[in-house]
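Overview (structure and organization)
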Amino acid sequence: MEALLKEYLDGAEADLLRRGEVLLGKIPSLQSREFHLLSQRCRDKLNTLLNDIPKLAKYDTEIRLRRFKRIVAEIDLLEENAIAALNRATDDDRFLNILIERITREIQYPLLPPVVTSLSHGYFYIYPEYGLLAVPLGEADALLHLPDLYHELAHPLAEDKHDPRVKPFRLGLQRALIEIQSYIASEQEREQRSRGPQSYGHFLTVWWKSWNEGWLVEFFCDLFATYTLGPAFVWSHLHLCAKRGEDAFDVPRYTYTSHPADDARLRAMLLGLKIVGFAAEIPYIETKWQDFIDIAGYTATPEYRRCFSGDLLKKIASIGFESVTQMGCRVATPSTTDKIHVLFNTAWSEFWRAPKQYARWEEKAVGQLRQELAQP
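This write-up is about the structure you can find in this document. Bear in mind the structure is a predicted one, so any value in this text is a computation, not a measurement.

Right, let's talk about the overall build of the chain for a bit. Across its full length, the chain carries 14 helices and three strands. In terms of C-alpha radius of gyration, the chain reaches 23 Å, essentially the compact-globule figure of 21 Å for 376 residues. Each principal axis of the C-alpha distribution contributes one length, and for the chain these read about 65 × 65 × 40 Å. A burial count over the chain gives 50% of its 376 residues as buried. Sequence-distant contacts, at least 24 apart, represent 76% of the contacts inside the chain between residues at least 6 apart.

Let us now look at the sheet that holds strand E2 (residues 125-127). Spatially, E1-E3-E2 is the arrangement adopted by the three strands of the open sheet, whose pairing is mixed. With one partner strand each, in any of the chains shown, strand E1 (115-117) and E2 form the two edges of the open sheet. The average undirected angle you get between the axes of adjacent strands in this sheet is 25°. Where E1 lies against strand E3 (residues 132-134), three bridges are found, and the strand directions are parallel. Following the sheet pairing, Val-116 is matched in E3 by Leu-133. The sheet strands contacting helix H4 (residues 91-106) are E1 and E3, and the helix crosses E1 at an angle near 140°.

The next thing to look at is the packing of aromatic side chains. Under the defined criterion, the tally for this structure stands at 27 aromatic pairs. Ring geometry for Tyr-109 versus Phe-224: centroids 6.5 Å apart, planes at 70°, classification edge-to-face. You can see Tyr-109 sitting in the loop between H4 and E1 and its partner Phe-224 sitting in helix H7 (residues 199-229), a full 115 residues away along the chain. Classification of Tyr-109 as buried rests on a relative accessible area of 8%. Ring centres 5.2 Å apart and planes at 55° place the aromatic pair Trp-289 and Phe-292 in the tilted group. Residue Trp-289 and its partner Phe-292 are located together in helix H10 (residues 282-296), separated by three residues, close to a single helical turn. Of the two residues, Trp-289 and Phe-292, neither departs from the other in class, the shared state being buried.

Time to look at the layout of surface pockets. A volume near 610 Å³ is recorded for the largest pocket. The wall of the largest pocket is formed by 26 residues, among which Leu-240, His-259, Pro-260, Asp-262 and Arg-265 lie closest to the centre. Elements with a minimum of two residues in the lining of the largest pocket: E2, helix H5 (148-159), helix H8 (231-244) and helix H9 (262-275). A per-element tally of the lining of the largest pocket places H8 first, with six residues. The residue inventory of the lining of the largest pocket, partitioned by class, reads 10 nonpolar, seven polar and nine charged. Around the second largest pocket sit 19 residues that line it, and Ala-158, Lys-161, Leu-173, Asn-212 and Val-217 are the ones nearest its centre. Elements supplying a minimum of two residues to the lining of the second largest pocket: H5, helix H6 (167-194) and H7.

On to H6, then. Helix length check: H6, at 28 residues, gives a terminal C-alpha distance of 41 Å against a target of 40 Å (1.5 Å per residue), a fit within 8%. All of the buried residues along H6 are Pro-168, Phe-169, Arg-170, Gly-172, Leu-173, Ala-176, Ile-180, Tyr-183, Ile-184, Glu-187 and Glu-191.

This part is about the nonpolar core. Counting 94 residues, the largest nonpolar core has Leu-99, Ile-103, Trp-211, Phe-224, Phe-308 and Phe-344 as the members making the most contacts within it. Sort the elements by how many residues they give to this core and H7 lands first, with 15 residues. Excluding its chain neighbours within four sequence positions, the residues that come into contact with Phe-308 are Trp-211, Trp-215, Phe-219, Val-251, Pro-260, Ala-261, Ala-264, Arg-267 and Leu-313. Grouped together as the second largest cluster of nonpolar side chains are 26 residues, Leu-16, Leu-24, Leu-50 and Phe-68 included.

A few words now on the side chain of His-145. Mapped onto the elements, His-145 comes out in the loop between E3 and H5. A distance of 2.8 Å separates a polar atom in the side chain of His-145 from a polar atom in the side chain of Tyr-123. With residues up to four places along the chain from it excluded, the contact list for His-145 reads Tyr-123, Phe-124, Glu-139, Ser-236, His-239, Leu-240, Lys-243 and Arg-244.

Before going further, it helps to spend a moment on unusual backbone geometry. Residue Gln-108 is not a glycine yet carries a positive backbone phi of 55°. In this structure, Gln-108 sits in the loop between H4 and E1. Classification of Gln-108 as partly exposed rests on a relative accessible area of 46%.

Calculation criteria
- Residues numbered from 1 in each chain as written.
- Predicted model: local features only at pLDDT ≥ 70, side-chain atom pairs only at ≥ 80, totals over all residues.
- Heavy atoms only, no water.
- Helix = DSSP H or I, 4+ residues; strand = E, 2+ residues; numbered from the N terminus.
- Rg over C-alpha atoms; globule rule 2.2 N^0.38 Å.
- Buried < 20%, exposed > 50% of the residue type's maximum accessible area, 1.4 Å probe, protein only.
- Contact = heavy atoms within 4.5 Å.
- Pairing = 2+ DSSP bridges.
- Axes fitted to C-alpha atoms, helices over the stretch in contact; angles between N-to-C directions.
- Phe/Tyr/Trp six-rings, centres within 6.5 Å; stacked < 30°, edge-to-face > 60°.
- 1 Å grid on protein atoms, 1.4 Å probe; cavity = no way out; pocket = protein on both sides within 12 Å on 5 of 7 lines; lining within 4 Å.
- Points joined across faces, edges and corners; volume = space filled by probe spheres on them.
- Nonpolar A, V, L, I, M, F, W, Y, C, P; charged D, E, K, R; others polar.
- Expected span 1.5 Å × (residues − 1).
- Core = buried A, V, L, I, M, F, W, Y, C linked by side-chain atoms within 4.5 Å.
- Polar contact = N/O pair within 3.5 Å; in protein donor to acceptor, adjacent residues only side chain to side chain.

Dropping the structure here:
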């Protein structure tokens, strides 16, 4: 049986090597400037994987199969996302890339802008390793969800381990994690003293894992977007929750989750708005959010209030603000006049001013934006 598997791997590895070489040939050699970095990253990564394939034969069959599958998975990721983005770039993609470059200039983003593709398989998401940001196909002709670009721009800041320009962001995450760890520890001590249901002790373990492995980064990315764009990002969060969200007060009890409760995220954003001077906007947002919560029938549980303590969210919002300002990013205020900042916030003002007429206004605004960004 092992001999048969070895024969299979001999053929499968040769086929995978050929497939990888074919994919290299599908990376266009002539690309506009914004695609150059992604193109080089794809070539480098794919060449590294192809160089690893002939080395697999030296391993025992079991290890060889495991490593072979790992290379297949990495090539699949490249093919389905990064190389597809390069091979199938459209005018919409070029517009979105000019837009993201303009955004990064406005907010004084400390890293190179990612490449944007409209080949998203879901909502907005980013591959920091490749510098690739994917958005749904229709977003190139809309405005209300584009504030989520600011959130995705923050993920590479959290992933980067060495660049000194993003060190304040890394240190901020570390400081916030210490605050969270301290809070969870105090709650665990409280449980031990109270002799309450043992299930709460397990809940706290799950919450700590969730904070440590996903929630805190999501809060920091939300706060980065709030601090650099302002109310438009908070409105886009409400928009997303109304369209695609589930229970806004959801708290895991037995298995960790990667994203925190939507209501807690909004509360942190509102704290952020207050810090940067948008206090006047907060009551209006709170009213709309509460209307949504009431209509959807969501209810906050004691576990939710305990998991997402108000004092803890205040500390995270404060540390997040210090992290963004210490990186030298431009913080949004009510007097900010940058072009994209104004457009995204105006879009939401127009939406609430005349919801039924908004689509007509948006079509005209997107057309004007495309014309302006198309000019040298």
